[in-house]
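Here is what each chain is made of, one letter per residue.
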Amino acid sequence: MASLLSSFKYSDSLAVVGISICTAFLCEGISWLLIYRTSSYKSLRSSIDKASKKLETMKTGDSKGLPGKKSKTKKIDRVETSLKESSRDLSFSKIKSGAVVALVLFVVFGLLNSLFEGKAVTKLPFSPAGVVQKMSHRGLPGNDPTDCSMAFLYFLCSISIRTNLQKFLGFAPPRGTPGAGLFPMPDPKTN
Amino acid sequence: MREGKSVKFNIQQQQQSGHISQFKFAKLLDPEASWDKDQLGDVLHWIRQVVALVCGLLWGAVPFIGAIWIVVFLVLSSGIIYGYYSIILKIDEEDFGGHGALLQDGLFASLTLFLLVWILIYSLAHF
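Below you will find a few notes about this structure. This one's a predicted model, so the numbers in the text were calculated from it and none came from an experiment.

Here serine 52 of chain A lies in helix α3 (residues 39-63). There is a polar contact of 2.8 Å between the side chain of serine 52 of chain A and the backbone oxygen of isoleucine 48 of chain A.

Below, the structure written as structure tokens:
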């Protein structure tokens, strides 16, 4: 198995992916231990879900032009304020574990950097644009834009693996929270 | 007698879980089914991830080279999602926050997954 893997020119990429997968599980494990299993997180999550659904129903009713529009608007504002407060409290509750997870990620990145510094771990099937190339060609010799450093590969692994893992385990942030938009990163407080 | 009852109970449980799985998959193709915003968002997210995985494997195996194939993937996966919720599920997008909200579910994660798989397969299979 080891000889088969080492026969690939870019077998280092598999090591980066493997380490990313293990790190993702480790980070979610830490987050579960420090946040997700606590009763305060569960109650905050539940109140955010309820407030989001209530807000949706009220806004749908509002758009259909139901009578008593002024009081309806006030109620919507109250629910929105409550939703923002709950989201803020949820963010605060994740600070402690967020710091631990950030430390783990920092250490793992440092380890990967020391292992693969100056080495192209994979080959890109496209030439990346300026800003992306700064990350993908970070620390690499030569001018070949398709040489890819560990940093870019690790970035792709982190986003794809951790986002899907959080989704699969049910730890993704609720849809009602701010920041769950076009570019939802893995829960930022656990980064 | 008791063994007979427990065997019957197990068979009933298995039939129920079989019925439940059939029900869940049937709902994915049922235009009459009612959808919760979260449920639909999750389904669209996972469909995008599957499309990203398949495209990444295919693009890397052929191989397709050039940044244009990233655009092709984005158009293809968005087209599949749009076709799924508008043609197969016949959903009124206004009830779920509009086309933007439905099309953005899982978009970024699928793009990074697609790039990861494409890059890996390309590097490992062709060098």
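Anyway, onward from the coordinates.
Judged by nonpolar contacts, the single largest core of 38 residues is most densely connected at Phe114 and Leu115 of chain B. Only α2 (12-36), α5 (95-116) and α7 (150-169) of chain A together with α2 (37-61), α3 (68-88) and α5 (107-126) of chain B provide two or more residues apiece to this core. In terms of residue count, α5 of chain B provides more of this core than any other element does, nine residues in total. Excluding its chain neighbours within four sequence positions, the residues that come into contact with phenylalanine 114 of chain B are Ala52, Cys55, Gly56, Trp59, Trp69, Ile70 and Phe73 of chain B. Ranked by size, the runner-up nonpolar core spans 13 residues in total, among them Tyr36, Tyr41, Leu55 and Leu90 of chain A.

Throughout the structure, instances matching the rule amount to seven salt bridges over all chains. Taking the shortest distance from any N to any O, the salt bridge between lysine 53 of chain A and aspartate 38 of chain B comes out at 3.5 Å. Here lysine 53 of chain A, found in helix α3, pairs with aspartate 38 of chain B, found in helix α2, and the two come from separate chains. A single salt-bridge network, built from bridges that share partners, covers Lys123, Asp144 and Asp147 of chain A.

The interface is formed by 29 residues belonging to chain B together with 31 residues belonging to chain A. Between chain B and chain A, roughly 2,700 Å² of surface is buried when both sides are summed, and carbon and sulfur atoms account for 70% of that area. It is Phe108, Ile119 and Leu124 of chain B that lose the most area in chain B upon contact with chain A, and together they represent 24% of the buried surface on that side. Between lysine 167 of chain A and aspartate 42 of chain B there is a salt bridge whose closest N-O contact spans 3.0 Å. When residues of the side of chain B that touches chain A are traced back to their parent elements, those giving at least two are α2 and α5 of chain B. Here the side of chain B that touches chain A takes 13 residues from α5 of chain B, the largest share from any one element. In the side of chain B that touches chain A, the residues fall into 17 nonpolar, seven polar and five charged.

Here is what the cut-offs are and how they apply
Numbers given to residues run from 1 along each chain, matching the order in which its sequence is written. Written order decides the labels, with chains lettered from A and ligands numbered from 1. Given that this is a predicted model, residues contribute local features only at a pLDDT of at least 70 and side-chain atom pairs are listed and counted only at 80 or more, while totals for whole chains, interfaces and linings are drawn from all residues. Each side-chain value is derived from all of the structure's non-hydrogen atoms; neither hydrogens nor water enter the calculation. In DSSP terms, a helix is any run of H or I states spanning at least four residues, a strand is any run of E spanning at least two, and both are numbered starting from the N terminus. Polar contact is defined as a pair of N or O atoms within 3.5 Å, subject to the rule that within protein one atom must be able to donate a hydrogen and the other to accept it, and that residues adjacent in sequence are counted only when both atoms are side-chain atoms. Side-chain atoms within 4.5 Å are what join buried Ala, Val, Leu, Ile, Met, Phe, Trp, Tyr and Cys residues into a set we call a nonpolar core. The buried label goes to any residue with under 20% of its type's maximum accessible area, the exposed label to any with over 50%, and the partly exposed label to all in between, with areas taken from a 1.4 Å probe on protein chains only. By definition, residues are in contact when any of their heavy atoms lie within 4.5 Å. The term salt bridge refers to a side-chain nitrogen of Lys or Arg lying within 4 Å of a carboxyl oxygen of Asp or Glu. Defined in terms of a 1.4 Å probe, buried area is the accessible area two parts forfeit on being brought together, summed over both. Each residue gets one of three labels, nonpolar for Ala, Val, Leu, Ile, Met, Phe, Trp, Tyr, Cys and Pro, charged for Asp, Glu, Lys and Arg, and polar for the others, Gly among them.

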